[in-house]
Every structure is written in structure tokens, then in C-alpha cells.
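# Working through the structure, step by step
Each chain, letter by letter, is given below.
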Amino acid sequence: METSRSASLFTEAQKYIPGGVNSPVRACKSVGCDPRFIERALGSKIYDADGNEYIDFVCSWGPMILGHNHPSVVEAIQKALVNGTSFGAPSALEVELAKMVCDALPSVEMARFVSSGTEATMSAVRLARGYTGRKAVVKFDGCYHGHADSFLVKAGSGVITLGIPGSPGVPDDIVKNTISIPYNNLESLEKTLRDQSLDIACVIMEPVAGNMGVVLPEPSFIAKVRELTTELGIVLIFDEVITGFRVSYGGAQAKFNIMPDLTCLGKIIGGGLPVGAYGGKKEIMEQISPAGPVYQAGTLSGNPLAMAAGIATLKELQKEGFYEALESKAAKFASDLQGLATKYLEQATLNRQGSVMTTFFAKGPITDFETAMTADTETYGKYYRLMLDQGIYLAPSQFEGAFISAAHSEEDLSQALEKTEWAFKKL
Ligand code: KE4
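In every chain, residue numbers begin from 1 and rise along the written sequence. Restriction of local features to residues with pLDDT of at least 70 applies here, the model being predicted, together with a cutoff of 80 or more for giving and counting side-chain atom pairs; totals for whole chains, interfaces and linings are based on all residues. The basis for every side-chain value is the complete set of non-hydrogen atoms in the structure, without hydrogens or water.

Only C-alpha atoms enter the line fits that serve as axes; for helices the fit covers just the stretch in contact. Angles between N-to-C directions range over 0 to 180 degrees. Going along the chain from the N terminus, every DSSP run of H or I of four or more residues is numbered as a helix, and every run of E of two or more is numbered as a strand. Their axes nearest at 9 Å, the elements helix α3 (residues 92-104) and helix α11 (residues 304-317) cross at an angle of 35°. Of the two possible hands of crossing, α3 and α11 adopt the one that is left-handed. In contact with L93, E94, E96, L97 and M100 of α3, α11 contributes P304, M307, G310, I311, L314 and K315. Looking at the contact of α3 with α11, its residues break down into seven nonpolar, one polar and three charged. Working rule for handedness: look at the near helix, and if it is turned counterclockwise from the far one by less than a right angle, call the crossing left-handed; if clockwise, right-handed. Contact definition: two residues touch when any of their heavy atoms are within 4.5 Å. All amino acids are sorted into three groups, where Ala, Val, Leu, Ile, Met, Phe, Trp, Tyr, Cys and Pro are nonpolar, Asp, Glu, Lys and Arg are charged, and the leftover types, Gly among them, are polar.

Right under this line is the structure:
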């Protein structure tokens, strides 16, 4: 595959941008190759600077549930564009999207838009601390909530992908207020919350973990988190940056019928443009400035182009049968993929929630950070490189999800399975 243009762009990029990328996992370090520079995308495909076509299973790490450049999203952005790109003032589009988010998520009565998932989660934690007057934050090993200081403790995504234990630059007195415990471990959960409840402002969790690879919650686990946080007056924050509008129109909270106090969103609600949001109970959200004393702000929050893209995206997701069609496509693909893994690989475990899944090169079951870390990342890297050169674009990390969009055709998926069989035979 010709990749000289990507190669020269990567050389040039490294002169001006740390590691040549604007987000670490994109550098493909853990999968042993240089990144392909992407020039354009349409539907289920992306095209690199050398003109190579790929079937895209990264989908910009989740936002592109409709596929790239969906016509109604493009049209909505173009319509907003002629009116201007940013006002720094309230606009009707923000009200429209906020109402759609509140109508969609059963626990969200009010929402505030920001420009990234990290801004959403760090604001939600500040709000929980302001609302409770407590300092400690409980998270789960392998979960990733963005790169705010409080979260870089046993975090997932790029942090585990690059094997960074924490991160320099995060002062100990920040880290000491973050307690990270194993996902799906009821005993550790109950002991931690009961022993330290008076100091704990919030528990923040991915209701389906997506950043140690996909790891599903055991049904009793999420229910217990809700039960204990209610009993102990601890704010429960669902980080639905991945699961929001992905696993159902109402997110994981609707799917599992477990209501958090606050929810964080990102990715899909921006339709590919920079949007994050946090929201929840009115009583808590009204503590946010200027309604209340907890400060949070943002120059481009509620950006009209991003709002227009988010509105157009959610309107498509509201269409009859959208999630059913995506589920049946993803379920069949996962079942066929599992069949190939069982046939050709000594050890492989596929975890899936709706249209996001991870094939772990590990015996399994993969139920938490510790078991996820048994995955053979070397073999994953080889698999990644084989598939890339066959035109299949997977996440450049064993500890991320593969996403299927509405734009992935049966032909795309059968081609991906064919290439997978070819690659598995070479591992
Ligand atoms: P951003 O600040 O990257 O928009 O969102 C942070 C975030 C928060 N919460 C969850 C559950 C997330 O998955 C993320 C970001 N996800 C990663 C990939 N899993 C972003 C990819 C990257 O860092 O380049």
C-alpha cells in the first residue's frame, strides 16, 4: 500500500506538534506503525493522503454513528455557517439541542454545553464537589474520563495504551482526592464508599466501560453503585461520552433503567464537531454559574455550527427503527467475528454493547482492568497492521472499541470479516 504522503506528513508534523499528533493514541505507537494521515471521509469509508480507502471502525472514536458526512448533517452545518461561525452569545440552536438532550435522557432535567468530553466530566466533578462540600472522587480502574488532573489515576484509553502509570504534572494533593477501585467489584465498592463516605463527593463511572476495551457492567454492579450512592448522599455521575446516544437513544441509563444524578456527554451529540455536555437534576444543575455559585465557562460552548450538527444527528437517531437496525447488524457481525476468533485463535474474547465492541487477544472473560491487561497487545498490534494494509481501519489500541455506524453496509462487514479471516490465519 502506498503511504509515502502520510510518511512525509508525519515527518513534517513531528517538527511542530508533539509526537506529530493532537491526541496521543492517534500516533499508533502501541500497534507498531506510523499513522495514516486522513484527508476525507464519506459514509463508512475514510481516505488517506495517498488516496487509500479504508472501511472505518474508529468512527472518530464514536461520534460518527450515522457515518461520515451524512447529508442532513452537512446540510445543517452549511445552513448554520452562512449565519456565522460563533457569536459568544446565546442562540436558539443551543436551546433546541438542550431540549433534545433533556427529552432523551430520563435523568437529565437541565444541561450545560461545553466543547469536549473532558470539559464535561471535569465540570460535573466540580459541580458534585460544590454541591456536596466534599472533596474525594471515586472512579474505576481502566475507566477514562478525559485528561483533567483528577482523572489521571489508573485511567484507561491512551493512558493504559501508552502504559503511563499516571501522569507527570498532576500534583499529589490532587491525586490524593481520587480513589480508583476495580470495576465490577462489589466488595471493594461497598468497603470504599462506606469507609470514606463523609469525604466522597461523587462516584464517576462509565456505565459500559469503553476505555480498557469494552467491558460490560455486571447487572448487580451498577444497581449497587446507585443504591450505595443514594444511601450515602454521594453524587452518581454517569460518564456517557461514549454510551450516550450510542447504546440507545436514552443512553446506558435508559438501557439499564438506572438513573444517575449527573450525566456527561460528548462525541455523538456534536455530530463530529466539538461538543460536550453535562446535565442532570435541576436541584444540582442550578448550582452552576450564573444560576448558582459553582463556576464553569467556555468561549465556544454552544457553538452554533456544533449545535446544528448535533441537532441534525439526533433527528436522524430519532427515526423509527434506527437502533434496531444497528443492533441486528452489529450482533451478526460480532457473532461472525467471534466464530472466526474461535476457529483461528488460541485465545480471544469479544465484548460488545450494541454497536461498540472489542476483540481482546486474551482468554477471558474480560470483566475489569486486571483481566483486560492480560490481553496480548503484541498480537493485537500485528493484527492491526495486517488489517490496515488490507483497508480495514481499526482502533490503534487493544484498549479501545470498534464502532459500527448506520453507514456500514453488509458488503463492508462481510469484507471486514473476510480480511479478518485472512489476518487471523497469519497471526
Ligand atoms: P474528550 O475530551 O476526548 O472529548 O472526551 C474525553 C472522554 C471522556 N469520557 C469517556 C468515556 C471517553 O471515552 C472520552 C474520550 N474517549 C477517547 C477514546 N476512547 C478519545 C480518543 C482520544 O483521546 O484521542
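On we go from here.
Let us look at the environment of L305. You can see L305 is positioned in helix α11. Given a relative accessible area of 13%, L305 falls into the buried group. Between the C-alpha atoms of L305 and S220, which are 85 residues apart in sequence, the distance is 41 Å. Not counting the four nearest positions on each side in its chain, L305 is found in contact with I77, A80, L81, G84, T85 and L273. Only protein chains enter the accessibility calculation, which uses a 1.4 Å probe. A residue is then buried if its area is under 20% of the maximum for its type, exposed if over 50%, and partly exposed in between.

Mapped onto the elements of the fold, Y144 is located in the loop between β5 (136-140) and α5 (158-161). With a relative accessible area of 22%, Y144 lands in the partly exposed category. In this structure the C-alpha to C-alpha distance between Y144 and G364, which are 220 residues apart in sequence, comes to 21 Å. For Y144, the residues in contact, after removing those within four places along its chain, are A155, G156, S157, V159, E206, N211 and D239.

To qualify as a nonpolar core, a set must consist of buried Ala, Val, Leu, Ile, Met, Phe, Trp, Tyr and Cys residues joined through side-chain atoms within 4.5 Å. Among the nonpolar cores identified, the biggest contains 72 residues, and F57, F113, F245, L317 and F333 are the most heavily contacted of them. Elements with a minimum of two residues in this core: β3 (53-56), α2 (71-81), α3, α11, α12 (322-344), α14 (377-388), β13 (392-393) and α15 (410-426). Leaving out residues up to four positions away in the same chain, L317 has contacts with I65, L66, F245, Y249, I268, F322 and Y323. Among the nonpolar cores identified, the runner-up in size contains 31 residues, and F140, I258, F360 and A372 belong to it.

Just so you know, the domain bounds were taken from an automatic or database domain assignment. For the protein, the assigned domains read domain 1 (4-69 + 321-426) and domain 2 (71-317). Taking the mean C-alpha position of each, domain 1 and domain 2 sit 25 Å from one another. Taken residue by residue, the interface counts 34 residues in domain 1 and 36 residues in domain 2. The term buried area denotes the loss of accessible surface (1.4 Å probe radius) that occurs when two parts are joined, taken as the sum for both partners. In total, domain 1 and domain 2 occlude about 2,800 Å² of area from one another, counting both sides; carbon and sulfur atoms represent 66% of this. Counting the surface domain 1 buries against domain 2, the share from its top three residues, Y323, Q353 and F369, is 25%. Salt bridge, as used here, is a side-chain nitrogen of Lys or Arg placed within 4 Å of a carboxyl oxygen of Asp or Glu. At the junction of domain 1 with domain 2, the criterion picks out zero salt bridges.

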